[in-house]
Amino acid sequence: MKKANASETLVTESLSVRDKKHLWHPLTQHKLHPEMLGIVKAKGAVLYDENGKEYIDGIASWYTSAYGHCNKYITDRVYAQMQKLDQVVFSGFTHEPAVKLSEELIKILPENQEKLFFSDNGSTATEIGIKMALQYHFNQGRKRKTMLAFEEGFHGDTFGAMSVSGLSVYNGPFEEFFIDVERIDVPTDENIEEILSDLEIRLQQNHIAGFIYEPLVQGAAAMKMHKAENLDRILKLLKRHGVLTIADEVMTGFGKTGKPFASNYISTKPDIICMSKALTAGLIPMAITSCSQEVYDAFYSDDLAKGLFHGHTYTGNPLACTAALAGLELLQSEEIQDNIERIISSHQEFDSRIKNHEKVARTRQCGIIYALDLNVKMERYGNLRDQIFKHFMNNGVFLRPLGSTIYISAPYVITDEQLEKIYTTIEDLLNSI
């Protein structure tokens, strides 16, 4: 039988059908979930599928499209940059978008941050942060080979990032290959004294190089939240013992907690910060790992081997840097700041409507991130979770439940009407399960 040519395939077969032939999707068991929805367009807070149906993007496509999809302010800037410089090696060269981005980003980062190291995505941002912490001590002749991390943290899918992550559903086949990691509980008012006491004992061994943490909100752990005051006490103790602190702001960064970074709520600033996702407004992949001057100085040497020998082909890509610059300008604009406050207030009003519902176990909010736990027994990846996901999609709302947790982290440009559609769809679910 003669194969159909490309144009014939486009006419006769849907994206979903064509997808099955060659594509392998992330976080997907294809035998259980063979169907992928074809998306052909996106604008603002709305996705459009190949059949013309609309979906409100209630999670900003994994927290990336913070200023809305296909934001003209950003796309116009990137288009203009494409006409001048698209890509150049970042080893031995530099360019205006990267230099300008460094100048503007440093202005809104915590005041101790001085140097920026570019990479490609959230996993690589944390991978570099871990390598910085380990090599920082190695370069100074100290044998500190252990990382410290929270229980149920998630920091990415590369090996260092997996090592410090505590969600075994992702890590199972690889655990015997991991770097040395110790874990502590996420602090609460009830356990903070015990955590600090246990840490004091561990720190006497001088073996911990760095502590990586998601400040205030643990995203993949179902948006679990903790107080800045308790985290600050842990950071202060670690600093006294020379442990480098690494804030994974891949999810929380760029306004989602109500401030530019979650670390802004904490008096003890991290030595290293990992950024990605909303960094480039969801337009082009890029990540940054920033650090203090003290960290950088441990690598600054006449000894070549003390340098940080880590690199990516698209490091400091001019187009990605341009997208990030445009995003920073939007983030600091009066319009976006007003929108963030509007979304925060809207979530608070919604919370008062549903927090006492019999099917709601608990609710929580940090900035524009809102989460509720269903008072229903279910698996993280199971049939009921799939049914809940279908409920939302059937009603034109894209929310991605984390087990029994439903969360909202929508683009800052979402309208009140779109927010209300999300809320009523959640309420309909609560009244039907």
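For the structure itself, consult the block above.
Cut-off values and rules
Residues numbered from 1 in each chain as written. Predicted model: local features only at pLDDT ≥ 70, side-chain atom pairs only at ≥ 80, totals over all residues. Heavy atoms only, no water. Helix = DSSP H or I, 4+ residues; strand = E, 2+ residues; numbered from the N terminus. Rg over C-alpha atoms; globule rule 2.2 N^0.38 Å. Buried < 20%, exposed > 50% of the residue type's maximum accessible area, 1.4 Å probe, protein only. Contact = heavy atoms within 4.5 Å. Areas by Shrake-Rupley, 256 points an atom, 1.4 Å probe, with all protein chains shown as cover. Lys, Arg positive; Asp, Glu negative; His and termini not counted. Charge placed at Lys NZ, Arg CZ, Asp CG, Glu CD. Pairing = 2+ DSSP bridges. Axes fitted to C-alpha atoms, helices over the stretch in contact; angles between N-to-C directions.

Looking at the overall build of the chain
At step 1: Within the chain, the regular secondary structure consists of 15 helices and 16 strands.
At step 2: A globule of 433 residues ought to have a C-alpha radius of gyration of about 22 Å, and the chain, at 22 Å, matches this closely.
At step 3: Taking the principal axes of its C-alpha atoms as reference, the chain extends roughly 65 × 55 × 50 Å.
At step 4: Residues classed as buried in the chain amount to 53% of the 433 residues present.
At step 5: Summarising the internal contacts of the chain: among those between residues at least 6 apart in sequence, 70% fall at separations of at least 24.
At step 6: Accessible surface, the chain: about 20600 Å² in total, of which carbon and sulfur atoms supply 52%.
At step 7: A distance of 3 Å separates the average location of the 45 positive side-chain charges in the chain from that of its 57 negative side-chain charges.

A look at the sheet that holds strand E11 (residues 272–275)
At step 1: One open sheet accounts for seven strands, arranged E4-E12-E11-E10-E7-E5-E6; its pairing is mixed. If you trace the sheet from one side to the other, it starts and ends with strand E4 (113–119) and strand E6 (181–184), each paired once. Averaged over all pairs of adjacent strands, the angle between strand axes in this sheet comes to 20°, irrespective of strand direction.
At step 2: Inspection of the sheet shows strand E5 (residues 146–150) paired to E6 by four bridges, in the parallel sense. Bridged to Leu148 within E6 is Glu182.
At step 3: Of the strands in this sheet, E5, E6 and strand E7 (208–213) touch helix H9 (residues 192–203), which is tilted by about 155° from E6.
At step 4: Its contacts with the sheet put helix H10 (residues 228–240) on E5, E6, E7 and strand E10 (244–248), and the angle it makes with E7 is roughly 160°.

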